[in-house]
Amino acid sequence: MAGSGENKTAMMRLSKFKYLAPRSVNDAAKMLADAGPTASVVAGGTDLYPNMKRRHQTPKTLIGLRRVEGMRGVSGTPEGGLRIGPMTTLTALERNATVKAAHPGLWKAVHSISTPILRNMGTLGGNICLDTRCNYYDQNYEWRRAINFCMKCDGDTCWVAPGSKVCLAVSSSDTAPLLCAIGARLHLVSATGEREIAAHELYRRDGIHFLSKRPDELLTEIVLPATNGWRSTYRKLRRREAFDFPVLGVGAWASFDGPVVKEARIFLGAVSPAPVEAAEAAKSLVGTRLEPDAVARASDLAYGPAKPVDNTDFLTRWRKEMTKVYVKGALEDLRGS
Amino acid sequence: MIAPSVGLPLPRTDGFDKVTGRAAYVDDLRVPGCLHGATIRSTIPHGRLRRIRRDPAFDWSGFTFVTAADIPGQNVIALITDDQPALVDGIIRHAEEPVCLLAHRDRERLLAGLRAVTLECDPLPAALTIREGLARKAKIYGRDNIFKEIRIRKGEVRTAFRGAHRIVEGTFRTGLQEQLYIETNGMIAIPERGGRMSVLGSLQCPYYVHKALKRLLGVGDDRVRVVQTTTGGGFGGKEEYPSMLAAHCALLARKAGKPVKIVYDRLEDLAATTKRHPSVVRHRTAVSREGRLLGMDIDVLMDGGAYLTLSPVVLSRGAIHAAGPYRCENLAIRARAVATNTPPNGAFRGFGAPQTIFAVEMQLNRIARALRIDPVELRRRNVLRPGDSTATGQVLDAGASGPLVLEEAVRRSGWSVRRASFTKRAPPDPERASKAPRKGTASGRIRRGLGLSLFYHGAGFTGIGEVYLDSHASLAVTRDGSVEIHTASTEIGQGMRTTFAQIVGDELGLPPSMVRLAPQDTSLVPNSGPTVASRTCMIVGKILANAAADLRDALVQWAGDSPRRAPGRRATRGPWNPQQFRRLASAWVRKTGPKVFTRKYDRPPGMKWDEKEYRGDAYGAFGWGVNVAEVEVDAETFEIRVPRVDVVLEIGTVVNPLLAQGQAEGGTLQGVGYALTEEVVRKNGRMANAQLTNYIIPTTADTPEFRTTLLSNAYRHGPFGAKGMGELPLDGPGPAIAAAIENALGVSIVELPITPERLAKAIRARPAHE
Ligand SMILES: Cc1cc2nc3c(=O)[nH]c(=O)nc-3n(C[C@H](O)[C@H](O)[C@H](O)COP(=O)(O)OP(=O)(O)OC[C@H]3O[C@@H](n4cnc5c(N)ncnc54)[C@H](O)[C@@H]3O)c2cc1C
Ligand code: SF4
């Protein structure tokens, strides 16, 4: 039997690229359209640059959004619906008193991302468009080459689920499940037009084509729903108090009529290529006061849709079991006990 | 007259340059004409290398390519045994084994070149675990895959078991751990005109590299020069591995006729370099009704990886510490280091002791539960006291500080009150009662627990190791009248630059700022032995103190003076103030020529060691310690937090309390990672989590509050009474945290790291402990 394999390493370096720095959304959209599929936009670069070093993506042209006017900052009022520019850094959001007071769920999600240093560079837009992750993918080129690559990049087998037609790399954004749960809307602009979609419509259950956004579309604004008697929260499972990507995220939202739940939404992050809605669990809460029984029932129901596969830190079974505990915790947050 | 500096919390002399970015690490050095080198490694754990294929269509101009055939001397990394090649020659014995090397001026080209090389191999069955190694699933080393077997015997074990009130058994496991120095391994080799090969890099032991390169290149002493550059941490990880990297750089540089630099990225460093040995330790203990240890039968297995490297000595220290700091007149310890098809494991702070101390401490807790004796009380009854003898029969003198650290820790940590309050559980929470993980332990969701560990750690090389090392160290007086330390001991963040200057300064009656350190360059400084084994301050520091005394006496004599000894002043201090010394010393050198005072290691009188029987005085001195760890465990998710650890260490005279505290806290935190999160995941013998995002070390946010107490019981043969302390702090956190979790949840912990998944499994699988 013959086998072959080698593993060669030298310091990981960025691939070569051309850098463009547009000043306006229109210019950026045009540059993106002109440069075609080998172009990519870059915001804080905390996800894209490491990926380029590992040769997951090797864009020939990078369009930096740092100088684009009107893409940064928080405007509007909570009651009217806050509007957030995608280039707003995570640190800026964390420090924004209005966001913290009116959207504690979003604030918690943002605050839980990586480390203060990365939050200084990382943006909300980048977090929303974050690449999916997998233990077989988040490796350098040589490591991946030694296993003959995988379907998501350069290869054709999925090592997590060899029979699978789709890649199961997980959505690892902390804000995604929360934005889906609260019903945030996203504004997309391209050289040919613009549109607005619900946050959950952005994501697809395919680890390779995980965004429904076209490559030539820019995310230009995140619109939060008006605050009027609803609450939201976010819970995150990880090993450490800092640094770690979520291996489970729970975004939960409920609107109330007095103490009674009128409507609820729960989205699970980091268990699938897209944030997963635990619709039955949420429905079971309607009409309850989030009393312990109702919470327990909903947590049990949320266990079903969570189908993690073995491609992140922690054992799969563990992550699935923790769904119950974490959903319960999130619902207790909403009850405000 | 200046005040003594030993005992003062002086800041590290190298600290400022490091935090301001001024210190030059190996990758910061600009060497004209330097090529970048890279290593082509195996991806299979065992196999026959058939061919190295270089793509003929690729443009190979400007490349240097090295295989085993290019080695001028012997294809070995000389250390203890000559089993490890510098480059694979025929048989691949572990994944990530270096097969061939490439160098090029341009890093992009280098990457392209790497991709144009293919290894053709015939895989062989691989033994990836201790069990598979023992079962000889693959033939790796000798006839039985045993690198080394050690037996320690004392008294009559069989008789002791016959007369026992109870016999308690337990098997305990620990995993791999990465040293995780901040600066990855890096080296530059520079071929010099006269044929000498100079190697500069991040390393702990210049003379280890020196020895390895001489054999590899087949040249004499003066044809190899090794220089340490500013080193960003070692923890044992730069004890033996730098010889491998230096060999690779030197081979490329020799063939290219140009300097070659290799700096590993984190992935390569994690995947390919040495780790702490995994262990399986089985205990059988015969105890009396009162909990006296009548007999101990201990079996230690360690996974050495594919080559011997330092495994015999790691095993030796593990075996000697396996019975813990306890009195037991009848014991049998059998320890074996087993070969497996995995990257060689090697030196790591603690050097075998953290593994066996974890096991013996957990075994003691088990005994305490079986006999319903408080764990502190059980330790009180068995801890070694002056006059008692250790497992190897070493009789301890007044330096046996076990009782001292134990009582001090119990008092300072508020052990009794806190333990009682954690053990008395809160009334069950009705809302969660139905979901509590186990009946009978139901209470609030966050369970708190307190655990304690008692440990000791021998400083310096084991047995007659220090005699074999025959370390030399010198002091030179310069023309400007200052004093220069010449040792091969390296600063790796532990603070030896500062402590050496304090020791020598005090011996001479000078401020430490007047004492300089010569570069760690084998062409300039004598071999003061490796910077390992908690030996630098205690052993090399003492040699320097002796050299300083010689210097002082000679200078005093030359000056026609005799040391004036004012009452109450340290007897050894000189009769001069710094200005006088400078003038005097400068005149001395100018008038009578260069002055160098060299001393070598003096074995403390009366020390005896029988290497064959493993009996006698294993170490000149032991450091002693107790950790009291508090944990909070979420009873639903089993997530574990460690809010507070009380650290009580007895380390002899504390030369520099600031540095000692740094060592204590850093070592304890490294132990927290070992206990809870650090786990190497391997797939077919290759590390699958070789990144800092998934090899999980504690961050600042996970750091407990440390309450550190340093006690001193001066060691007669250490400089000013100091003992070694570098490794000691890592021995205690694993068992203390595990004990605290046992206390919080009422389970039995038998394995590190204690991840939430493992804990959940333990709770579901096993009945609550006795
Ligand atoms: C060590 C480490 C830990 C991390 N931990 C976490 C964590 O815990 N949780 C978490 O969620 N993330 C984590 N991250 C990922 C990342 O840092 C954050 O998600 C960050 O918010 C990404 O933002 P960015 O601006 O840096 O994105 P970039 O890297 O600039 O971009 C990411 C992707 O989004 C696209 N993009 C960015 N902006 C736009 C836009 N306006 N329109 C269209 N496409 C756009 C880019 O083309 C790119 O594909 C971690 C990263 C590291 C390195
Ligand atoms: S899920 Fe499968 S295809 Fe997707 S990244 Fe992981 S291994 Fe590759």
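Computed from a predicted structure; not experimentally measured.

K.L.:
Is there a simple way to explain the overall build of chain A in this structure?
P.N.:
The number of helices and strands found in chain A is 13 helices and 14 strands. Taken against the 2.2 N^0.38 rule, which gives 20 Å for 337 residues, the C-alpha radius of gyration of chain A at 20 Å falls within 12% of a compact globule. The principal-axis extent of the C-alpha atoms belonging to chain A is close to 65 × 55 × 35 Å. Counting every position in chain A, which comprises 337 residues, the buried fraction comes to 55%.

K.L.:
Looking at this structure, I do not really get the overall build of chain B. What am I missing?
P.N.:
In terms of helices and strands, chain B carries 20 helices and 27 strands. Radius of gyration (C-alpha) of chain B: 27 Å, near the 27 Å computed for a compact globule of 770 residues. With respect to the principal axes defined by its C-alpha atoms, chain B has extents near 80 × 80 × 50 Å. Pairs at least 24 apart in sequence give 81% of the contacts found in chain B among residues at least 6 apart.

K.L.:
Please clarify how the environment of A:Asp310 should be interpreted in this entry.
P.N.:
Residues and elements named next belong to chain A. Structurally, Asp310 can be placed in the loop between α12 (292-303) and α13 (316-335). Taking the C-alpha atoms as reference points, Asp310 and Arg297, separated by 13 residues in sequence, lie 27 Å from one another. Non-local contacts of Asp310, meaning those with residues more than four positions away in its chain, are made with Tyr136, Val160 and Thr316.

K.L.:
It is not clear to me how the site of ligand 2 should be interpreted in this structure. Could you clarify?
P.N.:
Within the structure, ligand 2 sits among A:Cys134, A:Tyr136, A:Tyr137, A:Cys150, A:Met151, A:Lys152, A:Cys158, A:Trp159, A:Val160, A:Cys167, A:Leu168 and A:Ala169. For the shell around ligand 2, the per-class residue count stands at 11 nonpolar, no polar and 1 charged.

K.L.:
Explain the domain arrangement of chain A to me, please; I cannot follow it from the model alone.
P.N.:
Interfaces are often sized by the accessible area lost when the parts come together. Residues and elements named next belong to chain A. Each assigned domain of chain A is listed here: domain 1 (2-67) and domain 2 (74-129 + 170-336). On the side of domain 2, 13 residues touch domain 1, which itself brings 12 residues to the contact. For the pairing of domain 1 and domain 2, the buried interface totals around 1000 Å² over both sides, and the portion due to carbon and sulfur atoms is 80%. A per-residue breakdown of the area domain 1 buries against domain 2 is headed by Ala29, Leu32 and Thr46, which together make up 37% of the total. Across the contact surface, domain 1 and domain 2 share 0 salt bridges. Counting every contact that joins domain 1 to domain 2 gives 0 residue pairs in polar contact (both at pLDDT 80 or more). When residues in the side of domain 1 that touches domain 2 are grouped by element, the largest group, 6 residues, is from helix α1 (residues 25-35). Split by residue class, the side of domain 1 that touches domain 2 holds 8 nonpolar, 2 polar and 2 charged.

K.L.:
Can you walk me through the sheet that holds strand β14 (residues 276-277) of chain A in this structure?
P.N.:
Strands in a sheet are paired, the pairing made by backbone hydrogen bonds, and the direction either parallel or antiparallel. Residue and element names in this part refer to chain A. Ordered in space as β11-β12-β13-β14, the 4 strands form an open sheet in which the pairing is antiparallel. What marks the edges here is a single partner per strand, and that holds for β11 (230-237) and β14. Helix-sheet contacts for helix α9 (residues 175-182) involve β11, β12 (248-257) and β13 (260-269), and the interaxial angle to β13 is about 155 degrees.

K.L.:
Help me out: how do you make sense of the interface of chain A and chain B in this one?
P.N.:
Listed per partner, the contact involves 50 residues of chain A and 54 residues of chain B. In this assembly, chain A packs against chain B so that about 4500 Å² is buried in total across both faces, 49% of it on carbon and sulfur atoms. Across the contact surface, chain A and chain B share 5 salt bridges. Here B:Arg115 makes a salt bridge to A:Glu142, at a shortest N to O gap of 3.0 Å. For the interface between chain A and chain B, the tally reads 15 residue pairs in polar contact (both at pLDDT 80 or more). Of all elements in the fold, only β1 (3-4), β2 (7-9), α8 (141-146), α12 and α13 of chain A reach the threshold of two or more residues within the side of chain A that touches chain B. Ranked by residues supplied to the side of chain A that touches chain B, first place goes to α13(A) with 9 residues. Looking at the side of chain A that touches chain B residue by residue, the classes come out as 20 nonpolar, 8 polar and 22 charged.

About the criteria used
- Residues numbered from 1 in each chain as written.
- Chains lettered and ligands numbered in written order.
- Predicted model: local features only at pLDDT ≥ 70, side-chain atom pairs only at ≥ 80, totals over all residues.
- Heavy atoms only, no water.
- Helix = DSSP H or I, 4+ residues; strand = E, 2+ residues; numbered from the N terminus.
- Rg over C-alpha atoms; globule rule 2.2 N^0.38 Å.
- Buried < 20%, exposed > 50% of the residue type's maximum accessible area, 1.4 Å probe, protein only.
- Contact = heavy atoms within 4.5 Å.
- Near = heavy atom within 4 Å.
- Nonpolar A, V, L, I, M, F, W, Y, C, P; charged D, E, K, R; others polar.
- Domains from an automatic or database assignment.
- Buried area = accessible area lost by both parts, 1.4 Å probe.
- Salt bridge = Lys/Arg side-chain N within 4 Å of Asp/Glu carboxyl O.
- Polar contact = N/O pair within 3.5 Å; in protein donor to acceptor, adjacent residues only side chain to side chain.
- Pairing = 2+ DSSP bridges.
- Axes fitted to C-alpha atoms, helices over the stretch in contact; angles between N-to-C directions.

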